[in-house]
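Breakdown of the fold
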Amino acid sequence: MSVESNNELASARAQETSDKKPVLEAVGVGKRYPGVVALDDVSISLRGGEVHALLGENGAGKSTLIGILSGISAPGSGELRLDGEKQEFTNAAQAQNLGITTIYQEQSLAPDLTGLQNIFLGREPRRRGLFGRALLDEKAMRSRVAPLLEEFGLTVAELNQPAGSLGALKQHALQILKALAFDARVVILDEPTSGLADHERLSLFDHMRRLRDRGVALLWVTHRLDELFGLADVITVLRDGRHVAAVSPDTETPETLVRLMVGRETPPGVSGASSRAKRWTGAADEILRLEGLSRGVLLDDINLSVRRGEILGIAGIAGAGRTELARAILGADRIDGGQIHMNGRQVRIRSPRDAYRHGIAIVPEERKSQAVFGDFSLTKNISISDLRRTSTARLVIDRRAERKQANEYVDKLGVRTSGVSQKIRNLSGGNQQKVVVARCLFSGPSLLLFDEPTQGIDVAAKSDVYRLIYDFVDSGGAAIVISSELPELLRVSDRILVMREGRIVGEVVVGGDADLGSEEGVLAEKIMAMAARGGAA
Amino acid sequence: MSIRDRLARTAAVEGAAVTVAFIVMVVVFAVSSPFFLTGQNLHNLFVESVFTVLLAAGMTYVIIVGGIDLSVGSVLGLSAGMTLMTASKGAPLLVAILVGVATGLVVGLVNGLLIAHLGVNAFIVTLATLSIGGGALNVLTTRVELTGVDSTAFTNLSQGSVLGIPAPVLMTLAVVLLLEFVLIATPFGRRIFAAGINDSAAHLAGVNLRRLRLQVYVLSGVVAGFAGVLLAAHLNSVQPDLGTGFELTAIAAAVIGGVSLSGGQGSVWRAVVGAFFLTTLSQGLQLLGVDPTWFTIVTGVSIVAAIAFSRGTQWFASSLRPAAPRPSAPAAEAAEPTHAVNR
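First, a word on scope: everything that follows refers to the structure included in this document. All of these numbers come straight from a predicted model, not from anything done at the bench.

Rules used in this analysis
Residues numbered from 1 in each chain as written. Chains lettered and ligands numbered in written order. Predicted model: local features only at pLDDT ≥ 70, side-chain atom pairs only at ≥ 80, totals over all residues. Heavy atoms only, no water. Helix = DSSP H or I, 4+ residues; strand = E, 2+ residues; numbered from the N terminus. Buried < 20%, exposed > 50% of the residue type's maximum accessible area, 1.4 Å probe, protein only. Contact = heavy atoms within 4.5 Å. Areas by Shrake-Rupley, 256 points an atom, 1.4 Å probe, with all protein chains shown as cover. Pairing = 2+ DSSP bridges. Axes fitted to C-alpha atoms, helices over the stretch in contact; angles between N-to-C directions. Phe/Tyr/Trp six-rings, centres within 6.5 Å; stacked < 30°, edge-to-face > 60°. Core = buried A, V, L, I, M, F, W, Y, C linked by side-chain atoms within 4.5 Å. Domains from an automatic or database assignment. Salt bridge = Lys/Arg side-chain N within 4 Å of Asp/Glu carboxyl O.

1. Comments concerning the overall build of chain A
Scanning chain A from N- to C-terminus turns up 19 helices and 24 strands. Classification of the 537 residues of chain A by burial places 54% in the buried group. Restricting to contacts in chain A with at least 6 residues of sequence separation, those with at least 24 account for 67%. When the accessible area of chain A is evaluated, it comes to approximately 23,100 Å², of which 48% is carbon and sulfur surface.

2. Regarding the sheet that holds strand β13 (residues 286–295) of chain A
Residue and element names in this part refer to chain A. Pairing is antiparallel across the open sheet formed by 4 strands, whose spatial order is β14-β13-β16-β17. Unpaired on one side and paired on the other, β14 (299–307) and β17 (345–347) mark the two borders of the sheet. Adjacent strand axes in the sheet meet at a mean angle of 20° when their direction is disregarded. In the sheet, β13 pairs with strand β16 (residues 337–342) via 5 bridges, with the strands oriented antiparallel. From the neighbouring strand, leucine 290 faces β16, where its bridge partner is isoleucine 340. Packed onto the sheet, helix α11 (residues 322–330) meets β13, β14 and β16 and runs at close to 110° relative to β13.

3. Quick look at the packing of aromatic side chains
Residue and element names in this part refer to chain B. With the rule as written, the count across this model stands at 7 aromatic pairs over all chains. With a centroid separation of 5.3 Å and 75° between ring planes, the pair formed by phenylalanine 46 and phenylalanine 276 is classed as edge-to-face. Taken as a pair, phenylalanine 46 in helix α3 (residues 39–64) and phenylalanine 276 in helix α13 (residues 268–288) lie far apart in primary sequence, 230 residues in all. Residue class for phenylalanine 46 comes out partly exposed when judged on its relative accessible area of 37%. Centre to centre, the rings of tyrosine 61 and phenylalanine 188 are 6.3 Å apart; their planes meet at 35°, and the pair counts as tilted. Residue tyrosine 61 is located in helix α3, and its partner phenylalanine 188 is located in helix α9 (residues 187–197); the two are separated by 127 residues in the primary sequence. Of the two residues, tyrosine 61 and phenylalanine 188, both sit in the buried class. Through pairs of rings, three or more aromatic residues link up here, namely Phe22, Phe46 and Phe276.

4. Considering the nonpolar core
Nonpolar side chains in soluble globular proteins tend to be buried together. By size, the foremost hydrophobic cluster in this structure holds 151 residues, and its most contacted members are Tyr61 and Ile192 of chain B. With 14 residues, helix α11 (residues 209–235) of chain B is the largest single contributor of residues to this core. Counting contributing residues, this core receives three or more from each of domain 2 (272–359 + 446–537) and domain 3 (371–444) of chain A. When residues no more than four places from it in sequence are discounted, the contact partners of isoleucine 192 of chain B are Tyr61, Ile64, Val65, Leu183, Leu212 and Val216 of chain B. Of all hydrophobic cores here, the second largest spans 51 residues; its members include Val51, Leu166, Ala173 and Leu231 of chain A.

5. Let's talk about the pattern of salt bridges
Residue and element names in this part refer to chain A. Summed over the entire model, instances satisfying the criterion amount to 24 salt bridges over all chains. Note that glutamate 286 is salt-bridged to arginine 289, the shortest N-O span being 2.8 Å. For arginine 357, the salt bridge goes to aspartate 354, with nearest N and O atoms at 3.4 Å. Highlighted residues: arginine 357 and aspartate 354, both in helix α12 (residues 352–357), separated by 3 residues, approximately one helical turn. Take arginine 357: its relative accessible area is 57%, and that puts it in the exposed class. According to the relative accessible area criterion, aspartate 354 is buried, its value standing at 16%. One continuous salt-bridge network, built from bridges that share partners, spans Glu286, Arg289 and Glu291.

Written out as structure tokens, the structure is:
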């Protein structure tokens, strides 16, 4: 296809878009809670066959807007229109019956039910039996999804498996099928790509295109600006609960979008980077060395070392054993063989408690389920890693000292909060993550493990987290960073190890002062080749 | 500030509702029965409530850490039996007390080892030890005559008083204060809350969950054992079914007081208020001359009413407070903390 016809197509589509009637509209909706204006006079219209991206920092009102559009919360002011007619949903089920489906960032499937059961959950077709129409009609279920399976990369066998045993991408596909099986006209995707590896994201984008081509209106929330281009037709930006702009991706760059989101100029290297003063240049004492670390089939003969002042990146696709490696170092899982050396001495780490004693702490992958104590204040979230430090005679917690310490960390790490006695559940994801880092630092570690440190947090918070990692290694620590985002790894790491199927299959040294821009693409390709099957070992 | 705001603020104070419900009940009883507020009746009320109070206090620890301990009813009876047996054989008071407490410790240790180290479900483990403990007391009462001990020291344990306050009440008060202090002011207590709120996070933050759970079940057993000692001294005789049903009363007391059964929330004093609520209720009903066959029904209805009142107040309080900033995604919000680690 020639460039010209491509352009024609694009303009034709643009023409079409403006002609299309909106399916679901929010007109001047607002939502306020005492003391907080979550959403203020926001309008958005979703058209069939259009991918509408929704951008904004954490706390900008995206979640509130989604909640209103999907019927979870009622707008305080303004109205919703479906096909131009005023519509009031009182709950999510009602919205779903009207064809509005929401796919959340955190999977909302029942993990123990099969894919098929999940798709029809609560709306199972029935057939006649002993007690009237009381029996489930599995045949009808199967025939309804059969034509869609292949298109969205699922097999019949996978449909019979527990949904929890499927990968994140397949689970998304299930949710899409769930939407389509009920003739969804609007599909809302809340950060669907978090937790997906790069190639999986591409498949998901294909799924989204297919939905679009079927005439479904998509609303897509994402933090990754690089994803938008080539897929989004319209971009709406929210900031502080207000509608800032509705723009076309053709006229924007990631930089201009960030400016719209943040409302101020951002430091250079916008897409989440912040520059590090100095890179590690080699030759410092070894903090951690692993020799032949093994655990079943998950980890096979892992050898690595991290030195003082170094950031070691770990790349690999989902299931390559990266998180397992972190858990093994931390003692969260028992290892079968191999040795762990800290600061030149062999150590036995059989529990996270041991790891902390030897100066190792982790910022876990799943913030909500593995890191945050939602009902605890910031203070308690921070001090839990070393309660004795602020205790009198190691027995009684000195609350004043505890609060003072927490305040210091909160200031130093730039956590945005109304106070350290605030419950952490009320903070945005990025600020929660900073508190988790503060907790790790509080235990005075020499090695910090970061597992997907910027998952689901906004651009500004991302560069803050990078800065925390830099500060930590620059002050004499060592860090291991696991990430599915290659650009992130390339920016942050001094050296990257590539894992595949539980083994380390390659190493890439990231050049210090070289122009990253030109080098990055080459390194990324090299890493991808090793991470996928068949790369140089 | 409007009256509505003021009310909401008061209602938001943890445990305010159940305290109010308790006071209302006391007023009702005091008005309807002239005997309710007499010195003798209050004395009886306090002395008879110490057992439920102690069990509920220990249970609070277990529930906050995310578990349950059904065995305390049997521990209460069995340790009373062991104490009385030891005392009746002429052993010094201190030895008798230690035997009673040690009985609780052993049961707690068994519970803790099975739950924390083998990862067996707490409900099942403590249901089994409840059954075993009850059986052991049955066996004990058939072999040994467990009545009247002639020892002034032993009698003093229940009959003695300081400044007019009965000794068991004083000792219970001391234990309760100590338990509350440990729970809110020590690293141990803080870890219990942390494990109850999110055990995966606690594990990854360096909390030794196994040891913590073991300690909590041992603590619950020891406290129940001590309650058994006081019960032996109080009754000076032990029947085969002694302690039956106390475990459920203790759990009900904790829940009425607002200790969350899903873990991570609660305090000892709130469970104690709940325990007082239940004891006062049953005593008040007796005073009012309510037909004893109706007792359990009235008690059940009162429990439901107390909890409904408490939840209603909380709802009222939260309706005037700003909601969490991210009110959407309830599917995610509702997700329980994972209990995969070490269970």
